[in-house]
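The chain contents come next:
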Amino acid sequence: MTSTTPNAAMLRPQDAGADARVEDTAKAKRVKRRLTSRTATIASLIIAVLWTLPTFGLFVSSFRPRDQILENGWWTIFANPGFTLANYQEVLLSASASSPQLGAYFANSLSIAIPATVFPLVLAAMAAYAFAWVPFKGSSTLFIVIFALQIVPLQMALIPLLQMFTQFLQPAQEAVSDTLPFIPTSNFLQIWIAHTIFALPLAIFLLHNFIAEIPGEVIEAARVDGASHSQVFWRIIIPLALPALASFAIFQFLWVWNDLLVALIFSGGTEEAAPLTQRLAELTGSRGQEWQRLTAAAFVSLAIPLIVFFSLQRYFVRGLLAGSTKG
Amino acid sequence: MKTRFRRRLVAPFAAAGVIGLALAGCTGDIAAEQAEDVDCSDYEQYGSFDGAEVSVQGTIVEVEADRLIASFAPFEQCTGVTVDYQGTQEFEANIEVLAQGGNAPDLGIFPQPGLFQRLARGGFFVEAPADVESNVDEFWSEDWKAYGTVDGTFYGAPLMASIKGYVWYSPSEFEENGWEVPTTLEELDALSAQIAEESGHLPWCVGLGSDAATGWPGTDWVEDMVLRLHGPDVYDQWVNHEIPFNDPRIVEAFDAVGNYLKNDEYVNGGHGDVQSQLSVPFGEGGLPILDGECSLHHQASFYEGFWPEGTEIAEDGDIWAFITPPAAADDPLAVTGGGEIVGAFADREEVQAFQTYLSSDLWANNRVAEGGVISANSGLDPSVASSELLSQSIEILQNPETTFRFDGSDLMPGAVGADSFWTGIIDWISGDSTQEVVDAIEASWPAS
Amino acid sequence: MTTADLIDKIVQVVLGIAVFIAVIGLIMFLVDRAPKKARDFVQLIAFLAPALILLAIGLIYPAARTTLLAFTNNAGQWIGLDNFVWMFTQPDALITLRNTLIWVVLVPVLSTVIGLAYAVFIDKSRGEKYFKALVFMPMAISFVGASIIWRFVYEFRQAGDPQIGLLNQVVTLFGGEPQRWLQEPPINTFLLIIVMIWIQTGFAMVVLSASIKGIPTEQIEAAQLDGTNAWQRFRNVTLPGIRGSLVVVITTISIATLKVFDIVRTMTAGNFETSVIANEMYTQAFRAGEPGRGSALAVVLFLMVLPIVIYNVRILRQQKEIR
């Protein structure tokens, strides 16, 4: 099974960087350490390969014609050469009356994902700060309740939320755009709010863990100097928590990017707000007969999350808990 | 540090944005729709609503959706209404949420009468306008009208249709071996035995796989058998739960199907053993006929679209189909089938005008001429259908002698028709006895 | 899409973010000018209220509504405990419950262990960024995408035919008989669990890796000078240093696992003894039109999360005491 190798190997973790720094260790020890280091390298290579192989298989398949995908394994690609861009062509370029060009869906997905990442991030950071550093009665209980809300299934929250939107939010939006005609009624507003709500429990939970571990002296010193909570929040917490915020931003972006359900329910039934995931789901055809297109679709959809991941990688490195001493 | 971070945080999102824009840019703006010359005199009856919009949702996507939208075009052009259609495969799961949340589209296209009736009972639909009802009285049979009627109130007209229970075969293989198209169920069994004996391959190939809906092609088999062995009255009692699901007559129908699907001398040609039926996607079920690895495949008329490009579908071509035969040769023609029903969540004038158009023979002819589907609308001219098989299917539907029954699982409550009936088929093929399976399905029937 | 549409969307996004920033800025501006006496309280409200209001509307109210629905039938009538009776008298009820427990034990533990091991191994190695990306990638693929990938891996072809699924290819390579993996209980449940582990390991790895970097290097160096070996350093320095993150990771993955149904739905639809409670909940509420039954299943999920909640309460108390 995939899990046994790393389990066994985990018993000998190794810190290669620290190795170099320790000059005065005995030679015998050094040899031993290099050996364990080698085991660690092999173990990590094995995990990396196991984790990548399935995706790689799909990647190869996405360039193969449908018949060949069905007839022989992707690893026989050299024995059974067949290369086609047709799957990608259909995914990227097919446009019709019912489904406009992919560009429109990309624009929608980005329009949904960017605010739906920013909003919960800021609100959760504020709440997490309050839970961690503003003592008040019932703080722990409230925090526990919020984190337990993660269990509420999204599907069960859709109807009440939608009812409230149609009763209160939509008339308000219409009133605003009637009085101030230059403000468009946003198709995305409901989706943003819904994603924000659904992200909050996890966001508060994750960020609280980090913000709570910022050394108390730093904050107390500022408070003694007369800084208000909002000053502490913006001048100390946010800079120190930047890495954590960036990490959560990536996860939240991913989840929103891959979401279909929330977007479908709260888009008000218009094509104008439909995300990329909808188009990709549709590509399989009415009865799923064109499933081979999904192979290409999976990689088209993967591109943007990977760009975001690589760009924000450096903040993973300094990580959720690293900021406290570096600032 | 702060600004540096901001720049870094903004950069990836900006990069993502630029890619999105580039994609949008290279696909460009849609060319203005070509205005075809339409004779608007036929459409005057619907009135004129400049700038009005009607939103429609349904499960129809891709090519089928394009054709549907094309069939709206003349109406849009002549009345000034803009029809905004959105198709998703999640429609059935989402529409109840949207309706309860007060955010439903103007019209919904429902492939399952069961779901349609549930929403009607929930009070979400508005009654169909009189024009729609008179169209339905004129162009559809009583059976069809009943699917849009709930507790005596008529809510919506049927739209398209399909016929289930076709048996696909290769005419040339039949001719070479001197096999005859069967006219009774007994002959079908005899033919299967003959093929099993003479041809060196298994006679039937079956695919029951369909992701979360795996098992549904098996329910079609059972429904066909119930209708043929026990007639439309028992069929109606069965779907309405006036007789229990584990009634001996239903058991008999299951066993009649089991004679094929649970018989390792009959299935599963080209795919493997009996168990393999569950993992073969239904779309690939019949394809081994082309390779001569099986001879018979039971699937609805829409399976025409699943044969690879270049397959000639004709009575003297590569592939053709006959309707599952009746129990006795002189029984009246009885078929099961599917279709859609249009339900309205709004009663604005333009919505009603569009609803009326959809229930007319005008629309039926427009849509069928686009290809790929049929309708049970009697004002439809069979010759406009896009293939020989579809023309034949239209004639069957329009024939007043034909007994038509809607796919039973679509009429039953969702807990049965979209859940326990499907899983029952899976357990049954996996080895459970008929009695165990029908008892379990009966137990799952909701009390209310 | 026309250029005008595109500009319209950009305007919407920019406007949306601008309004959001303006509102938050205004709140912050106002609380600093609150009367001194009530300032602490006003500030607390300002920080908490936005999140709390949204949560009350979007999650707390729905949770209460779901709980009420659990006692009604599909016509909305009060039927007491019938839905719960139905749930536990279904033929497969015990199997579903058992599977859910297997999931919620195996997925968090294995994902966290593998993710932690990987994070430790590649820490400070060359190409760490790319190593991480490889394990992170499954996270970026949607559940549906992941299910397609793994259905390919588990695909079955008859013995003798060329296999197109990797797993059966490996099995036949070693002379075994190809299996219909997804139709063979109980192994199929474990094969589905592997998919979830495959996805969640990326999450564990990323969070734990970040956490490991946060351990002051002085501590590790001090331990090295004491002549401890790598395992001892890991036990005595690294593990305590990342304890908080470990709890967060295990908790988050446990809850995500309790809720997951996409994998089961797309791969087996809960057939062949693979169903879990979340899948039954979705099927009943959205396919079968039985929101009461679906809600009853959701309530059972609420209850199953209680042990996790209690554990976190204890951890939280300990943290507060330390401080």
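Definitions and cut-offs
- Residues numbered from 1 in each chain as written.
- Chains lettered and ligands numbered in written order.
- Predicted model: local features only at pLDDT ≥ 70, side-chain atom pairs only at ≥ 80, totals over all residues.
- Heavy atoms only, no water.
- Helix = DSSP H or I, 4+ residues; strand = E, 2+ residues; numbered from the N terminus.
- Contact = heavy atoms within 4.5 Å.
- Areas by Shrake-Rupley, 256 points an atom, 1.4 Å probe, with all protein chains shown as cover.
- Polar contact = N/O pair within 3.5 Å; in protein donor to acceptor, adjacent residues only side chain to side chain.
- pLDDT = per-residue confidence, 0-100.
- Buried area = accessible area lost by both parts, 1.4 Å probe.
- Salt bridge = Lys/Arg side-chain N within 4 Å of Asp/Glu carboxyl O.
- Nonpolar A, V, L, I, M, F, W, Y, C, P; charged D, E, K, R; others polar.
- Disulfide = S-S within 2.5 Å.
- Domains from an automatic or database assignment.
- 1 Å grid on protein atoms, 1.4 Å probe; cavity = no way out; pocket = protein on both sides within 12 Å on 5 of 7 lines; lining within 4 Å.
- Points joined across faces, edges and corners; volume = space filled by probe spheres on them.
- Phe/Tyr/Trp six-rings, centres within 6.5 Å; stacked < 30°, edge-to-face > 60°.
- Buried < 20%, exposed > 50% of the residue type's maximum accessible area, 1.4 Å probe, protein only.
- Pairing = 2+ DSSP bridges.
- Patch = residues over 30% accessible without salt bridge, like charges linked within 9 Å, V, L, I, M, F, W, Y side chains within 5 Å.
- Axes fitted to C-alpha atoms, helices over the stretch in contact; angles between N-to-C directions.

Caption draft 1: Here's a closer look at the overall build of chain A. A tally of regular secondary structure across chain A gives 14 helices and zero strands. The secondary structure elements of chain A, listed N-terminal to C-terminal, are α-α-α-α-α-α-α-α-α-α-α-α-α-α. In chain A, the share of contacts with a sequence separation of at least 24, taken over all contacts with a separation of at least 6, comes to 73%. Summing over all exposed atoms, chain A offers an accessible surface of approximately 12100 Å²; the carbon and sulfur share of this is 64%.

Caption draft 2: Broad picture of the environment of Ser391(B). Residue and element names in this part refer to chain B. Within the secondary structure, Ser391 is located in helix H13 (residues 388–398). In sequence terms Ser391 and Val373 are 18 residues apart; their C-alpha atoms lie 9.8 Å from each other. When residues no more than four places from it in sequence are discounted, the contact partners of Ser391 are Pro382 and Ala385. A distance of 3.2 Å separates the side chain of Ser391 from the backbone oxygen of Pro382, its partner in a polar contact.

Caption draft 3: The arrangement of the confidence of the model for chain C in detail. Summarising the model, chain C shows a mean pLDDT of 88, and 99% of its residues fall at 70 or more. Model confidence for chain C, summarised as mean pLDDT per element, is weakest for helix H9 (residues 217–225) of chain C at 80 and strongest for helix H4 (residues 93–122) of chain C at 94.

Caption draft 4: Geometry of the interface of chain C and chain A. Each partner contributes to the interface: chain C provides 114 residues, whereas chain A provides 129 residues. In terms of surface lost to chain A, no three residues of chain C exceed Phe47(C), Leu59(C) and Phe121(C), which account for 7% of the buried area on that side. Our enumeration of links across chain C and chain A arrives at zero salt bridges. At the boundary of chain C and chain A, one finds six residue pairs in polar contact (both at pLDDT 80 or more). No other element matches helix H2 (residues 39–69) of chain C, which puts 20 residues into the side of chain C that touches chain A. Class assignment for the residues of the side of chain C that touches chain A results in 78 nonpolar, 21 polar and 15 charged.

Caption draft 5: Here's a closer look at the state of the cysteines. All names here are of chain B. Under the counting rule described, the total for this entry stands at two disulfides over all chains. Residue pairing for Cys40: its cysteine sulfur links by disulfide to Cys78, the two sulfurs lying 2.0 Å apart. One quick way to see it: the torsion about the S-S bond of Cys40 and Cys78 is about -80°, and its sign makes the bridge left-handed. Of this pair, Cys40 sits in the loop between helix H1 (2–27) and strand E1 (53–58) while Cys78 sits in helix H2 (residues 62–79), placing them 38 residues apart in sequence. Residue Cys205 pairs covalently with Cys294 via a disulfide, S to S 2.0 Å. Here the S-S torsion is close to 45°, and the disulfide linking Cys205 with Cys294 is therefore right-handed. Highlighted residues: Cys205 in the loop between helix H8 (185–198) and helix H9 (216–239) and Cys294 in the loop between helix H10 (248–261) and strand E8 (297–299), separated in sequence by 89 residues.

Caption draft 6: Layout of the domain arrangement of chain A. All names here are of chain A. What the domain assignment lists for chain A is domain 1 (4–89) and domain 2 (96–326). Listed as interface residues are 10 residues of domain 1 and, on the opposing side, nine residues of domain 2. In total, domain 1 and domain 2 occlude about 880 Å² of area from one another, counting both sides; carbon and sulfur atoms represent 78% of this. Our enumeration of links across domain 1 and domain 2 arrives at zero salt bridges. Looking at which element gives the most residues to the side of domain 1 that touches domain 2, the answer is helix H3 (residues 27–61), with four residues. Partitioned by chemical class, the residues of the side of domain 1 that touches domain 2 number five nonpolar, four polar and one charged.

Caption draft 7: Summary view of empty space enclosed by the protein. Within this structure, the stated rule accounts for seven cavities of 30 Å³ or more. Contributing to the lining of the largest cavity are Phe143(A), Ile144(A), Phe205(A), His208(A), Asn209(A), Gly244(C), Val247(C), Val248(C), Asn312(C), Ile315(C), Leu316(C) and Gln319(C). Elements supplying a minimum of two residues to the lining of the largest cavity: helix H7 (139–148) and helix H9 (189–211) of chain A together with helix H11 (243–259) and helix H15 (306–322) of chain C. Residue contributions to the lining of the largest cavity peak at four residues, all from H15(C). Along the lines of polarity and charge, the residues of the lining of the largest cavity split into seven nonpolar, five polar and no charged.

Caption draft 8: Fine view of the packing of aromatic side chains. Residues and elements named next belong to chain B. Taken as a whole and judged by the stated rule, the model has 76 aromatic pairs over all chains. On the basis of an interplanar angle of 55° and a centroid distance of 5.1 Å, the ring pair of Phe125 and Phe345 is categorised as tilted. Note that Phe125 is positioned in the loop between helix H4 (113–121) and helix H5 (130–139) and Phe345 in the loop between strand E10 (334–344) and helix H11 (349–358), a separation of 220 residues in sequence. Neither Phe125 nor Phe345 differs from the other in exposure class; each is buried. Site record: aromatic cluster; members linked through ring pairs are Tyr166, Trp168, Trp216, Phe282, Phe302, Tyr303, Phe306 and Trp307.

Caption draft 9: The pairing of strand E3 (residues 107–110) of chain B, seen in detail. All names here are of chain B. Every second residue of E3 is oriented toward a common face, with Leu107 and Ile109 on one face and Gly108 and Phe110 on the other, all of them buried. Here E1 pairs with E3 via three bridges, running parallel. By the bridge assignment, Gly58 is partnered in E3 with Ile109. By the bridge criterion, four bridges tie E3 to E10 in an arrangement that is antiparallel. By the bridge assignment, Ile109 is partnered in E10 with Val342.

Caption draft 10: Looking closely at a nonpolar patch on the surface. All names here are of chain C. On the surface, Ile7, Val11, Leu15, Val19 and Val23 cluster together to form a nonpolar patch covering roughly 390 Å² of accessible area. Assignment of secondary structure puts Leu15 in helix H1 (residues 3–32). Relative accessible area serves as the criterion here: at 33%, Leu15 is assigned to the partly exposed category.

Caption draft 11: Representation of the sheet that holds strand E7 (residues 166–169) of chain B. Residue and element names in this part refer to chain B. Ordered in space as E8-E7-E9, the three strands form an open sheet in which the pairing is antiparallel. Looking at which strands have only one partner, the edges of the open sheet turn out to be E8 and strand E9 (320–323). Between one strand and the next, the sheet's axes are offset by a mean angle of 35°, whatever the strand orientation. Looking at chain direction, E7 and E9 are connected through four bridges and run antiparallel. Looking across to E9, one finds that Val167 is bridged to Phe322.

Caption draft 12: Structural view of the side chain of Lys164(B). Tracing the chain through its elements places Lys164(B) in the loop between strand E6 (158–163) and E7. With sequence-adjacent residues up to four places away left out, Lys164(B) is seen in contact with Trp216(B), Asp220(B), Asp224(B), Ala300(B), Thr336(B), Gly337(B), Gly338(B) and Asp407(B).

Caption draft 13: Here's a closer look at the pattern of salt bridges. Enumeration according to the criterion identifies 22 salt bridges over all chains in this entry. The residue Lys164(B) makes a salt bridge to Asp407(B) at a minimum N-O spacing of 2.9 Å. A residue pair is termed long-range when its members are at least 10 positions apart, and Lys164(B) in the loop between E6 and E7 and Asp407(B) in the loop between strand E11 (403–406) and helix H14 (408–411) qualify at 243 residues. The same class applies to Lys164(B) as to Asp407(B), namely buried. Taken together, the salt bridges that share partners define one network made up of Glu90(A), Arg279(A), Arg293(A) and Glu62(B).

Caption draft 14: Inspection of the pairing of E11(B) at higher detail. Residue and element names in this part refer to chain B. Residues Thr403 and Arg405 point to one face of E11 and Phe404 and Phe406 to the other, with burial holding for every one of them. Bridge analysis of E10 against E11 gives four bridges, and the strand direction is parallel. Across the sheet, the residue bridging to Val335 is Phe404, located in E11.

Caption draft 15: Quick look at the environment of Phe84(C). Residues and elements named next belong to chain C. Looking at where Phe84 falls in the secondary structure, it is placed in helix H3 (residues 82–89). The class for Phe84 is buried, based on a relative accessible area of 15%. Sequence separation of Phe84 and Ser295 is 211 residues, and the distance between their C-alpha atoms is 9.8 Å. Beyond its immediate sequence surroundings of up to four residues, Phe84 is in contact with Ala70, Phe71, Ala296, Val299 and Val300.

Caption draft 16: Representation of the confidence of the model for chain A within the structure. Of the residues in chain A, 82% reach a pLDDT of 70 or more, and the chain-wide mean stands at 79. Here residues 1–28 of chain A is modelled with pLDDT under 50, and outside its nearest four sequence neighbours on either side it reaches 47 contacts, counting other chains as well.

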